[in-house]
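# Structure at a glance
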Amino acid sequence: MIQLIDVSKTFISDNVSVHAVKDVNLTIDQSEIFGVIGFSGAGKSTLVRCINLLERPTKGQVLIDGVDLLQLKERDLRLHRQKIGMIFQQFNLLASRTVFENVAFPLKHRGISKDKIKEKVLSLLDLVGISDKLCSYPSQLSGGQKQRVAIARALASDPSILLCDEATSALDPQTTKSILKLLKDVNRKLGITIVIITHEMSVIKEICHRVAVMENGNVVELNDVISTFSNP
Ligand code: ADP
Ligand code: ADP
């Protein structure tokens, strides 16, 4: 479970304060698919980046399964952050590494044997449906294939939470559907909590259980989503 309590984030740039997130209170349940929608600049990305402390809130508490991340020392924080995977609009894959190596990357330097890493990577690539591309480089893949690799990499640390920042915004409608279906499968098979940032209502309707609407750093509405997607 994710609990944001009175979370605020203020950026200071050129001596001007930008209140990107203002006193947000939000609880996201385990295994929920939760959407955050709003116009550009509303504070969606900053809010969601506060969940894994890519942005450190200026004020408030971030509790993951009851643990306040802001109180943790470096080593414990690192362990907790491994349990929160993230994917992005621009995929952020390593261009000089193969698909296999991109997915293996987070598993390296953790004292896991090469055989175990290989087994894990192959099973993740199978899960995301891209086993035939393991020796390809990112530049040889379509956008949808790149996002599948990014999802496999994000799942490598067995996270309990997956944060998706405009993960389908660079994709065409057909590919968007297939990636959303994959996220839905991941949610159902692995029980992972998924938080999805988008500016498109169609994405929310396709897979989210609930949605927060953001405006000027505030959550102005919190709604259940009536699904238009009949296939479970
Ligand atoms: P959204 O994801 O809804 O587009 P963001 O969270 O990216 O919104 O941005 C919210 C506000 O915070 C915007 O006004 C943006 O310009 C500002 N902002 C975001 N990141 C920074 C930063 N690193 N430094 C200064 N201002 C920032
Ligand atoms: P290192 O950086 O330690 O040399 P590598 O990233 O080259 O390690 O490889 C780690 C392990 O993953 C090795 O056992 C290697 O055989 C395996 N491996 C790497 N790429 C592939 C691939 N495309 N298909 C199957 N196994 C691979």
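Coordinates for the structure precede this section.
Every value quoted in this text rests on a predicted model; they were computed, and no experiment measured them.

Looking now at the sheet that holds strand E4 (residues 59-64). Read from one edge of the open sheet, four strands run E2-E1-E4-E5, paired in antiparallel fashion. Looking at the sheet topology across the chains shown, the edges are occupied by strand E2 (16-28) and strand E5 (67-68). Of the pairings in the sheet, the one linking strand E1 (residues 2-13) to E4 comprises five bridges and is antiparallel in character. Counterpart to Ile2 in the pairing with E4 is Ile64. Contacts from helix H1 (residues 44-51) reach E1, E2 and E4, with the element oriented near 125 degrees to E1.

Close to ligand 1 lie Phe11, Val18, Ala20, Phe39, Ser40, Gly41, Ala42, Gly43, Lys44, Ser45 and Thr46. Note that an oxygen atom of ligand 1 is positioned 2.8 Å from one of the side-chain N or O atoms of Lys44. A distance of 2.6 Å is found between an oxygen atom of ligand 1 and a side-chain nitrogen or oxygen belonging to Thr46. Counting only elements with at least two residues in the shell around ligand 1, the list comes to E2 and H1. A per-element tally of the shell around ligand 1 places H1 first, with three residues. Partitioning the shell around ligand 1 into residue classes produces five nonpolar, five polar and one charged.

This paragraph deals with the nonpolar core. As a rule of thumb, soluble globular proteins bury nonpolar side chains together. Counting 42 residues, the largest nonpolar core has Ile87, Ile151, Leu162, Cys164, Leu183, Ile194 and Ile196 as the members making the most contacts within it. If you tally residues by element for this core, the top one is helix H5 (residues 143-155), at six residues. Ignoring sequence-local partners within four residues, the contact set of Leu183 consists of Ile151, Leu162, Cys164, Ile194, Ile196 and Ile207.

This paragraph deals with unusual backbone geometry. A positive phi angle, close to 50 degrees, is found at Asp14, a residue other than glycine. Looking at the element boundaries, Asp14 is found in the loop between E1 and E2. Look at Asp14 and you get exposed, because its relative accessible area is 75%. Phi angles above zero are rare outside glycine, and Asn92 is one such case at about 55 degrees. Here Asn92 falls in the partly exposed class, since its relative accessible area comes to 40%.

Our next topic: the sheet that holds strand E8 (residues 193-198). Read from one edge of the open sheet, six strands run E6-E7-E8-E3-E9-E10, paired in mixed fashion. Two strands in the sheet have a free side with no partner beyond their single neighbour: strand E6 (84-88) and strand E10 (218-224). Across the sheet, the axes of successive neighbouring strands diverge by a mean angle of 20 degrees, strand direction being ignored. Contacts from H5 reach E6 and strand E7 (161-165) within the one sheet, and its direction differs from that of E6 by about 165 degrees.

Once that is clear, we can look at the pattern of salt bridges. Per the stated rule, a full pass over the model turns up nine salt bridges. Among the ionic pairs, Glu32 bridges to Arg210, the shortest N-O distance being 2.5 Å. With Glu32 in the loop between E2 and strand E3 (33-37) and Arg210 in strand E9 (residues 210-215), this residue pair connects regions lying 178 residues apart in the sequence. Residue class for Glu32 comes out buried when judged on its relative accessible area of 7%. Residue classification places Arg210 among the buried residues on the basis of a relative accessible area of 17%. Residue Lys181 pairs with Asp185 through a salt bridge whose shortest N-O separation is 3.5 Å.

Surrounding ligand 2, one finds Phe100, Glu101, Lys108, Lys114, Lys118, Leu134 and Cys135. A distance of 2.7 Å is found between an oxygen atom of ligand 2 and a side-chain nitrogen or oxygen belonging to Lys108. Lys114 has a polar side-chain atom sitting 3.2 Å from an oxygen atom of ligand 2. Expressed as a share of its isolated accessible area of 560 Å², the protein-covered part of ligand 2 is 57%. For the shell around ligand 2, the elements supplying multiple residues, two or more each, are helix H3 (99-104) and helix H4 (114-127). Class assignment of the residues belonging to the shell around ligand 2 gives a composition of three nonpolar, no polar and four charged.

The rules behind these values
Residues numbered from 1 in each chain as written. Chains lettered and ligands numbered in written order. Predicted model: local features only at pLDDT ≥ 70, side-chain atom pairs only at ≥ 80, totals over all residues. Heavy atoms only, no water. Pairing = 2+ DSSP bridges. Helix = DSSP H or I, 4+ residues; strand = E, 2+ residues; numbered from the N terminus. Contact = heavy atoms within 4.5 Å. Axes fitted to C-alpha atoms, helices over the stretch in contact; angles between N-to-C directions. Near = heavy atom within 4 Å. Polar contact = N/O pair within 3.5 Å; in protein donor to acceptor, adjacent residues only side chain to side chain. Nonpolar A, V, L, I, M, F, W, Y, C, P; charged D, E, K, R; others polar. Core = buried A, V, L, I, M, F, W, Y, C linked by side-chain atoms within 4.5 Å. Buried < 20%, exposed > 50% of the residue type's maximum accessible area, 1.4 Å probe, protein only. Salt bridge = Lys/Arg side-chain N within 4 Å of Asp/Glu carboxyl O. Areas by Shrake-Rupley, 256 points an atom, 1.4 Å probe, with all protein chains shown as cover.

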